[in-house]
Amino acid sequence: MAEVTLKKRDTEVLKINIGDKTYSLPLGGSIPYKQLKKLKTEDGIFDFLSAHLPAEVMDVLSTEDIKTIFTAWGEATKKQSGLKLGES
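Residues numbered from 1 in each chain as written. Predicted model: local features only at pLDDT ≥ 70, side-chain atom pairs only at ≥ 80, totals over all residues. Heavy atoms only, no water.

**Section: the overall build of the chain**
Link 1 in the chain: Summing up its helical and strand segments, the chain has four helices and two strands in all.
Link 2 in the chain: Of the regular secondary structure in the chain, the N- to C-terminal order runs β-β-α-α-α-α.
Link 3 in the chain: Taking the principal axes of the C-alpha coordinates as reference, the chain spans close to 55 × 25 × 20 Å.
Link 4 in the chain: Residues classed as buried in the chain amount to 27% of the 88 residues present.
Link 5 in the chain: Taking all contacts inside the chain whose residues are at least 6 apart in sequence as the whole, residues at least 24 apart take part in 47%.
Link 6 in the chain: Total accessible area on the chain is roughly 6,700 Å²; 52% of this is exposed by carbon and sulfur atoms.
Link 7 in the chain: Of note, the chain has its 13 positive side-chain charges centred 9 Å away from the centre of its 13 negative side-chain charges. (Helix = DSSP H or I, 4+ residues; strand = E, 2+ residues; numbered from the N terminus. Buried < 20%, exposed > 50% of the residue type's maximum accessible area, 1.4 Å probe, protein only. Contact = heavy atoms within 4.5 Å. Areas by Shrake-Rupley, 256 points an atom, 1.4 Å probe, with all protein chains shown as cover. Lys, Arg positive; Asp, Glu negative; His and termini not counted. Charge placed at Lys NZ, Arg CZ, Asp CG, Glu CD.)

**Quick word on the layout of surface pockets**
Link 1 in the chain: Size it by volume and the largest pocket reaches roughly 190 Å³.
Link 2 in the chain: Every residue along the wall of the largest pocket is listed here: Lys8, Arg9, Asp10, Thr11, Glu12, Gly29, Ser30, Ile31, Pro32 and Gln80.
Link 3 in the chain: Its residues placed into classes, the lining of the largest pocket shows two nonpolar, four polar and four charged. (1 Å grid on protein atoms, 1.4 Å probe; cavity = no way out; pocket = protein on both sides within 12 Å on 5 of 7 lines; lining within 4 Å. Points joined across faces, edges and corners; volume = space filled by probe spheres on them. Nonpolar A, V, L, I, M, F, W, Y, C, P; charged D, E, K, R; others polar.)

**Focus: the packing of aromatic side chains**
Link 1 in the chain: Tallied over the entire structure, the rule returns three aromatic pairs.
Link 2 in the chain: One aromatic cluster in this structure is built from Phe48, Phe70 and Trp73. (Phe/Tyr/Trp six-rings, centres within 6.5 Å; stacked < 30°, edge-to-face > 60°.)

**Considerations on the pairing of strand S2 (residues 21-26)**
Link 1 in the chain: One ladder, built from six bridges, connects strand S1 (residues 13-18) with S2; its direction is antiparallel. Note that in S2 the partner of Lys15 across the bridge is Ser24. (Pairing = 2+ DSSP bridges.)

**Thoughts on the nonpolar core**
Link 1 in the chain: Counting 19 residues, the largest nonpolar core has Leu49 and Trp73 as the members making the most contacts within it.
Link 2 in the chain: Taken together, the elements giving at least two residues each to this core come down to S1, S2, helix H2 (42-52), helix H3 (55-58) and helix H4 (63-81).
Link 3 in the chain: Counting residues per element, this core draws most heavily on H4, which supplies four residues.
Link 4 in the chain: The residues touching Leu49, leaving out its near neighbours within four places in the chain, are Leu25, Met58, Ile66, Ile69 and Phe70. (Core = buried A, V, L, I, M, F, W, Y, C linked by side-chain atoms within 4.5 Å.)

Take a look at the structure:
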C-alpha cells in the first residue's frame, strides 16, 4: 500500500510595509486550496486582504495600492511554490 505523510509547514508570508507598520499576507502555497481558488475574483482578493489587514488600513488603500500588493503577492507565491494566480 502506498502512503504519504503531510507535515505541518511554516506559513510563508509577504511582508507589507504601510506607513510605520508591517503586515503579513500568507503566500498562496501556505493557504488552503479552497481559499486560493477564491482569489480568482476581485471580491475574493478584497476578502483575502481584508482578512489580513485592519479595516482602517483597507479603508485608505487605493485601487493602485491593492494592485501593487497583490502583484507582489503573486510574484512571491510563484517564487515560493510555482503557483500562479488564476491557475489551479
